Amino acid sequence: MLQIDCPWCGPREEVEFHCGGQAHLVRPADPEALSDAQWADYLFMRDNPKGRFAERWVHSAGCRRWFNVLRDTRTHRILAVYRMGEQPPEVQS
Amino acid sequence: MQRYSAWALARNALSNHRNWPRQWRSPEPKRHYDVIIVGAGGHGLATAYYLARNHGINNVAVLEKGWLGGGNVGRNTTIVRSNYLLDESAALYEHALKLWETLSRDLNYNVMYSPRGVLNLAHNLSDVRAGRRRAESNRLNGIDSHWLEPEEVKKLCPILNTSNSLRYPVLGSTFQPRGGTARHDAVAWGYARAADALGVDIIQNCEVTSIRRESGAVSGVETTRGFIGANKVGLVAAGHSSVLAEMAGFRLPLQSHSLQALVSEPVKPVLDTVVMSGAIHVYVSQSDKGDLVIGAGIDSYNSYAQRGSFQVIEGQMAALTELFPIFARLRMVRTWGGVVDVSPDASPIIGKTPLGGLFINCGWGTGGFKATPGSGWVFAWTIANGEPHAINAPFSLERFTTGALIDEHGAAAVAH
């Protein structure tokens, strides 16, 4: 089980959280202007790296706030936790 | 290839079974093939076999980064069924099930396909409605599926707790008699041996590191054992499909997750059918060796680690002991994980890619094993003809652009 360091509550067990998938997805400002392929790219296509992955988590059984996690999908090691609206920090592996 | 038979068994007994021939070669890769298949799992090996047998394309290499059958084909819970709701899925999975029925004979290899029946339990009103609807839909598609009331379920599986003491009692079940299990390793080995006999080169410990492109089409793959050329390449890499697609310059609508499973200590025959519960989420069957094979859902976060979090195992154990109080004191001996490629509509992607000559077969998520023969059959057809077969045409990558999704969530009978 992962131990996740909630930016507001501190380290808690994974069961208190829900994973929200890839972080930093931005809804297109003008969806009407997009082609079907561009809309599909926003809606369905996802990064799925073997290695560092920025993803969203929500502390659903705690403070119920969303935040970002930088995690290695090969090892599950959490490299950084940072708040919504922030960019992923530079970290050494 | 030496045929396996009762006669061969008797003859080899005379020499204490020391002189059985090897089942497949370990050849050095050639410089060029007509077709390269990336991934020597069940689907990849089946593709190579049907390319050679059905389409006369024998100059084929199957590249495997690890060992043959070491990925999901050796990590699944061996359940075979075709009771999917939608017409497109029913056609695909039923095509596979028909191939399962004669597979041992076709491959001259005992894949131990055992049509012991599959129950999909209903625990609430919406389960009952969905189950009845699915059984009717299956019958319209010529699939042997029907609805059972709780007392009929009890008759079929006496050790199942069908009393009202359950928090979510068994309110009925769908039943597909032709569903069942097959020996997963034997499927990989049987396809490997049969494909090898038809001239296919199976090259293990050969990881694809990049995909070479020339004027908008694929021209081969760079591997840890050097460059291998081919004008047609099929990617059948399950959880690693996104990694390969990135090498070829496009993205897939997939997320890789860990799917865990476990087995108990072996016990005498106690469960002669497959029981699945999507609602309280566990499925179980008993292998011929006697151990219970148990599975459920994926871990929530993306992973390439082939392992997961323990609370997922705890959750399915709670569901198992609720449904089968008799299993409460059984010891579990082994758990493991596989990397599954989950698609947005819980349906696979089988067809062409944006790169010419490059084909992909992925997105099977948590339920690819049952489709192995059919998946290889339609993918071989697609590679040989350069166009999808009518059965897999709806499962194109373009469906995410056109919006013609094949939404099998829930209807696929297990939660994802």
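Residues numbered from 1 in each chain as written. Chains lettered and ligands numbered in written order. Predicted model: local features only at pLDDT ≥ 70, side-chain atom pairs only at ≥ 80, totals over all residues. Heavy atoms only, no water.

## A few points about the overall build of chain B
Reasoning step 1: Scanning chain B from N- to C-terminus turns up 10 helices and 18 strands.
Reasoning step 2: A globule of 416 residues ought to have a C-alpha radius of gyration of about 22 Å, and chain B, at 21 Å, matches this closely.
Reasoning step 3: Principal-axis analysis of the C-alpha atoms places the extent of chain B at approximately 65 × 65 × 40 Å.
Reasoning step 4: Out of the 416 residues belonging to chain B, those deemed buried represent 59%. (Helix = DSSP H or I, 4+ residues; strand = E, 2+ residues; numbered from the N terminus. Rg over C-alpha atoms; globule rule 2.2 N^0.38 Å. Buried < 20%, exposed > 50% of the residue type's maximum accessible area, 1.4 Å probe, protein only.)

## Focus: the pairing of strand S11 (residues 226–235) of chain B
Note on strand geometry: in a regular strand, side chains alternate between the two faces of the sheet.
All names here are of chain B.
Reasoning step 1: Both strand S1 (residues 32–38) and S11 contribute to a ladder of six bridges, which runs parallel. Within S11, the residue paired with Tyr33 across the bridge is Ala230.
Reasoning step 2: Bridge count between strand S10 (residues 217–223) and S11: four bridges; the pairing is antiparallel. Bridge pairing in S11 places Glu222 opposite Phe227.
Reasoning step 3: Taking the residues that link successive antiparallel strands as the turn, the S10-S11 hairpin has two residues.
Reasoning step 4: Two elements, S11 and strand S18 (residues 358–362), share three bridges in a ladder whose sense is parallel. (Pairing = 2+ DSSP bridges.)

## Quick look at the sheet that holds strand S5 (residues 66–72) of chain A
Residue and element names in this part refer to chain A.
Reasoning step 1: Overall, antiparallel pairing links the four strands, which are arranged S3-S4-S5-S6 in an open sheet. In this open sheet, the two edge strands, each paired with only one partner strand, are strand S3 (18–22) and strand S6 (78–83). Averaged over all pairs of adjacent strands, the angle between strand axes in this sheet comes to 30°, irrespective of strand direction.
Reasoning step 2: Strand direction decides the pairing type here: S3 and strand S4 (residues 52–58), joined by three bridges, are antiparallel. The partner of Gln22 across the bridge, within S4, is Glu55. (Axes fitted to C-alpha atoms, helices over the stretch in contact; angles between N-to-C directions.)

## Description of the sheet that holds strand S13 (residues 274–277) of chain B
The pairing of strands in a sheet comes from backbone hydrogen bonds and takes either a parallel or an antiparallel form.
Residues and elements named next belong to chain B.
Reasoning step 1: The sheet built from eight strands is open, its strands ordered S5-S6-S4-S13-S14-S15-S12-S16 with mixed pairing. Of all strands in the sheet, those with a lone pairing partner are strand S5 (146–148) and strand S16 (332–342), marking the two edges. Going across the sheet, the axis of each strand differs from the next one's by a mean of 25°, ignoring polarity.
Reasoning step 2: Sheet contacts for helix H4 (residues 125–140): strand S4 (118–122), S5 and strand S6 (172–176); angle to S5, the most-contacted strand, approximately 145°.
Reasoning step 3: Sheet contacts for helix H8 (residues 310–323): S4, strand S12 (255–264), S13, strand S14 (282–286), strand S15 (292–302) and S16; angle to S15, the most-contacted strand, approximately 145°. (Contact = heavy atoms within 4.5 Å.)

## Notes on the environment of Gly39(B)
Reasoning step 1: When you line up the elements, Gly39(B) lands in the loop between S1 and helix H2 (42–55).
Reasoning step 2: With sequence-adjacent residues up to four places away left out, Gly39(B) is seen in contact with Gly44(B), Leu45(B), Val62(B), Leu63(B), Glu64(B) and Val236(B).

## Structural notes on the environment of Arg193(B)
Residue and element names in this part refer to chain B.
Reasoning step 1: Position of Arg193 among the secondary structure elements: in helix H6 (residues 184–197).
Reasoning step 2: Arg193 gets classed as buried once you look at its relative accessible area, which sits at 2%.
Reasoning step 3: It is 8.1 Å that separates the C-alpha atoms of Arg193 and Met1, two residues lying 192 residues apart in sequence.
Reasoning step 4: Residue contacts for Arg193: discarding those within four places in its chain leaves Met1, Gln2, Arg3, Tyr4, Gln23, Trp24, Leu107, Asn108 and Tyr109.

## Some thoughts on H8(B)
Residues and elements named next belong to chain B.
Reasoning step 1: End to end, H8 covers 20 Å across 14 residues, agreeing with the expected 20 Å (1.5 Å per residue, within 8%).
Reasoning step 2: Taken as a whole, H8 has its buried residues at Gln311, Val312, Ile313, Gln316, Met317, Ala319, Leu320 and Leu323.
Reasoning step 3: Summarising the contacts, the buried residues of H8 are in contact with S4, S12, S13, S14, S15 and S16. (Expected span 1.5 Å × (residues − 1).)

## A closer look at the interface of chain B and chain A
Interfaces are often sized by the accessible area lost when the parts come together.
Reasoning step 1: On the chain A side, the residues contacting the 25 residues of chain B number 24 residues.
Reasoning step 2: Summed over both sides, the interface of chain B with chain A buries roughly 2100 Å², with 52% coming from carbon and sulfur.
Reasoning step 3: Among the residues of chain B in contact with chain A, Arg251(B), Tyr301(B) and Tyr304(B) are the three that bury the most area, contributing 31% of the side total.
Reasoning step 4: Across the contact surface, chain B and chain A share two salt bridges.
Reasoning step 5: Across the pair Asp41(A) and Arg251(B) runs a salt bridge, and its minimum N-O distance is 3.4 Å.
Reasoning step 6: Taken together, the links from chain B to chain A amount to 14 residue pairs in polar contact (both at pLDDT 80 or more).
Reasoning step 7: For the side of chain B that touches chain A, the elements supplying multiple residues, two or more each, are helix H7 (241–248), S12, S15, H8 and helix H10 (399–402) of chain B.
Reasoning step 8: At three residues, the largest contribution of residues to the side of chain B that touches chain A is made by S15(B). (Buried area = accessible area lost by both parts, 1.4 Å probe. Salt bridge = Lys/Arg side-chain N within 4 Å of Asp/Glu carboxyl O. Polar contact = N/O pair within 3.5 Å; in protein donor to acceptor, adjacent residues only side chain to side chain.)

## Details of the packing of H2(B) against helix H9 (residues 372–385) of chain B
Residue and element names in this part refer to chain B.
Reasoning step 1: Close contact between H2 and H9 brings their axes to 7 Å; oriented N to C, the two are set at 55°. As summarised for this structure, H2 and H9 are arranged oblique, according to the angle between their axes. Seen from above, H2 lies across H9 with right-handed handedness. Across the interface between the two elements, Gly42, His43, Ala46, Thr47, Tyr50, Leu51, Asn54 and His55 from H2 touch Thr372, Pro373, Ser375, Gly376, Trp377, Phe379, Ala380, Trp381, Ile383, Ala384 and Asn385 from H9.
Reasoning step 2: Here the contact of H2 with H9 is composed, by residue class, of 10 nonpolar, nine polar and no charged. (Parallel < 35°, antiparallel > 145°, perpendicular 65-115°, else oblique. Left-handed = near helix turned anticlockwise from the far one by under 90°. Nonpolar A, V, L, I, M, F, W, Y, C, P; charged D, E, K, R; others polar.)

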